[in-house]
Amino acid sequence: MSEAMTQPSQAFTTEGYRAAATQLKERMIECGCVVGEELDQLMPLRHQFGDGCYVRELNSPAGIFAVTKIHKKAHPFFLMKGEVTVLTESGVQRIKAPYYGMTPAGTQRVVYTHSETQWVTVHATELTDLDEIENQIIAKTFDELEISEPKAIKTEDTES
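Since the structure is predicted, the reported quantities are computational estimates derived from the model, not experimental observations. (Residues numbered from 1 in each chain as written. Predicted model: local features only at pLDDT ≥ 70, side-chain atom pairs only at ≥ 80, totals over all residues. Heavy atoms only, no water.)

Trainee: When you look at helix α3 (residues 130-137) in this model, what are you seeing that I'm missing?
Mentor: Because each turn of an α-helix spans 3.6 residues, side chains separated by three or four positions end up pointing in the same direction. Three or more residues of α3 are buried, namely Ile-133, Glu-134 and Ile-137. Buried residues of α3, viewed axially, fall in a sector of 100°; they line one side. Looking at the buried side of α3, the elements it contacts are β1 (45-50), β2 (53-60), β4 (70-71), β10 (117-124) and β11 (138-139). Its side-chain oxygen 3.1 Å from the backbone nitrogen of Asp-131, Asp-129 forms the N-cap of α3. (Buried < 20%, exposed > 50% of the residue type's maximum accessible area, 1.4 Å probe, protein only. Helix = DSSP H or I, 4+ residues; strand = E, 2+ residues; numbered from the N terminus. Arc of directions from axis to C-beta. Contact = heavy atoms within 4.5 Å. Polar contact = N/O pair within 3.5 Å; in protein donor to acceptor, adjacent residues only side chain to side chain.)

Below you can see the structure in the form of structure tokens.
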């Protein structure tokens, strides 16, 4: 992973974080924050497909505060441009591009974009229908997940 980030602050309990993130998203909707299709128009997605993979690119303006979707499966992500602060149950991180990492299954992030950003995620799938892919990789609620705790991501370093 890139060195261009600060270390995460103290972690939350899984249950405590998930309850707080869900409540935050509900409050944002109640307050009239831009969500759903309006948010998609503000931050359009670009989709590409390869052999057994789906690549999703999201471009966001500066000053966006958002709660992400809940990820069902572990996958890599890349911050190609910009700087963000990210809150997860692991704590708070300030990340500056270029950066890459792994999203564990069960992750939902609270994100603030300090500058215009470009995110790229890669998902293993043979599907090409966007609605079907969304159903395969995104949970509508934490109750939909088949796991109770995010699974650890195995990382191996090899010397060249």
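Having seen the model, we can carry on.
Trainee: Is there a simple way to explain the layout of surface pockets in this structure?
Mentor: In this structure, the largest pocket spans a volume of roughly 1,300 Å³. For the largest pocket, the lining is made up of 48 residues, of which Leu-39, Asp-40, Val-67, Thr-68 and Lys-69 are closest to its centre. Split into classes, the residues belonging to the lining of the largest pocket amount to 24 nonpolar, 14 polar and 10 charged. (1 Å grid on protein atoms, 1.4 Å probe; cavity = no way out; pocket = protein on both sides within 12 Å on 5 of 7 lines; lining within 4 Å. Points joined across faces, edges and corners; volume = space filled by probe spheres on them. Nonpolar A, V, L, I, M, F, W, Y, C, P; charged D, E, K, R; others polar.)

Trainee: Would you take a moment to explain the packing of aromatic side chains for this structure?
Mentor: Between two aromatic rings, the relevant description is the distance of the centres plus the angle of the planes. Evaluation of the coordinates by the stated rule reveals 4 aromatic pairs. An aromatic cluster is present here, built from Phe-77, Tyr-99 and Trp-119 joined pairwise through their rings. Sitting above the plane of the Phe-77 ring, Arg-109 keeps its charged end 4.7 Å from the centroid. (Phe/Tyr/Trp six-rings, centres within 6.5 Å; stacked < 30°, edge-to-face > 60°. Lys NZ or Arg CZ within 6 Å of the ring centre and 35° of its normal.)

Trainee: What exactly am I supposed to notice about the environment of His-75 here?
Mentor: With respect to the element layout, His-75 can be found in strand β5 (residues 75-81). On a C-alpha basis, the gap between His-75 and Val-122 in space is 6.2 Å, while along the polypeptide they are 47 residues apart. In contact with His-75, other than residues within four places in its own chain, are Gly-101, Met-102, Thr-103, Thr-121, Val-122 and His-123. Polar contacts involving the side chain of His-75 include one to the main-chain carbonyl oxygen of Lys-73, which spans 3.1 Å.

Trainee: How do you make sense of the pattern of salt bridges when you look at a structure like this?
Mentor: Pairing between side chains of opposite charge can happen when their charged atoms approach one another. Counted under the stated rule, the structure contains 6 salt bridges. One salt bridge connects Arg-56 with Glu-134, and the closest N-O pair in it is separated by 2.8 Å. Placement of Arg-56 in strand β2 and of Glu-134 in helix α3 is noted, with a sequence separation of 78 residues between them. The pair formed by Arg-56 and Glu-134 is uniform in burial state, with each residue classed as buried. Taking the shortest distance from any N to any O, the salt bridge between Glu-116 and Lys-81 comes out at 2.8 Å. Highlighted residues: Glu-116 in the loop between β9 (110-113) and β10 and Lys-81 in strand β5, separated in sequence by 35 residues. Three or more residues joined by partner-sharing salt bridges are found here, namely Arg-56, Lys-69 and Glu-134. (Salt bridge = Lys/Arg side-chain N within 4 Å of Asp/Glu carboxyl O.)

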